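These are the residues of each chain, in order.
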Amino acid sequence: MNHAILIAAKQLSEEETLTVKLLLSQPAGGKTTACIKEIIDKRKNDPMAPVKVIVPDKMQMAYWKQTLSRKSWSAGRGGGFIGTEVISFSKLAMAVLNAAEQTPQLIPARLDSLCIKEAISNALKKQPFQYFGPISRKPGLLSVFEKTIKLLQHGCITPEKLGETAENDSKAADTARVYREYLDLLKKNNWIGSAGLL
């Protein structure tokens, strides 16, 4: 399910609250159109009202920015939707953490791959893989674990949760071991992976 969040924002005092509207719908369900209509309606009363549109990822950000630009020109609003900010969930999370002065150190992508490689090595030192044993020294194993760990983090699945399902599943057991080693390496170095930010 694709989703978008539209936030109509203004400078808030401590007593005020921020209005958040969640729009959940299947692809091509009219979320973008509904958001743009809402922005236009808000701007009728206050042309410079700040608005934030929060989307899942960078691809959606690019799509939204193009759509806003196209809609503004077709509506005769040549300057675009001035005061409308389109941001991703991860950028919003970083902004919140920055405001709370709790900014984690994001691990660079290249270093993240090296951490996963080391996690695989550490797991193998402790015990051979059952499922991945035949390919444990092959170069393609790294990319398998990179994709899997990213998916697990996006799904908020912990190594322990994964381990619970691993009783009769050697693939899940091997994956849980590498995932635990990876998270331990990140924690030891005070890093956070971008996939695990939210």
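Residues numbered from 1 in each chain as written. Predicted model: local features only at pLDDT ≥ 70, side-chain atom pairs only at ≥ 80, totals over all residues. Heavy atoms only, no water.

## Focus on the environment of Ile87
Looking at the element boundaries, Ile87 is found in strand S4 (residues 84-88). Sequence separation between Ile87 and Lys52 is 35 residues; the distance between their C-alpha atoms is 7.2 Å. Ignoring anything within four residues of it in the chain, the contact list for Ile87 reads Lys52, Val53, Ile54, Val55, Met61 and Leu92. (Helix = DSSP H or I, 4+ residues; strand = E, 2+ residues; numbered from the N terminus. Contact = heavy atoms within 4.5 Å.)

## A word on the nonpolar core
A general feature of soluble globular proteins is that nonpolar side chains tend to end up buried together. Counting residues in each nonpolar core, the largest one holds 22 residues, and the members touching the most others are Ile120, Phe129, Phe145, Val178 and Tyr182. The biggest single contributor to this core is helix H7 (residues 170-188), with 7 residues. Contacts of Phe145, omitting those with residues within four sequence positions, involve Ile116, Ile120, Phe129, Phe132, Asp174, Thr175 and Val178. Judged by nonpolar contacts, the second largest core, of 11 residues, contains Val51, Val53, Leu68 and Val86. (Core = buried A, V, L, I, M, F, W, Y, C linked by side-chain atoms within 4.5 Å. Buried < 20%, exposed > 50% of the residue type's maximum accessible area, 1.4 Å probe, protein only.)

## A closer look at the packing of aromatic side chains
Geometry of an aromatic ring pair is reported as the spacing of the ring centres plus the angle between the planes. Enumeration according to the criterion identifies 4 aromatic pairs in this entry. For the pair Phe129 and Phe145, a centre-to-centre distance of 6.1 Å together with 40° between the ring planes defines the contact as tilted. Taken as a pair, Phe129 in the loop between helix H4 (109-126) and helix H5 (140-154) and Phe145 in helix H5 lie far apart in primary sequence, 16 residues in all. Each member of the pair Phe129 and Phe145 is classed as buried. (Phe/Tyr/Trp six-rings, centres within 6.5 Å; stacked < 30°, edge-to-face > 60°.)

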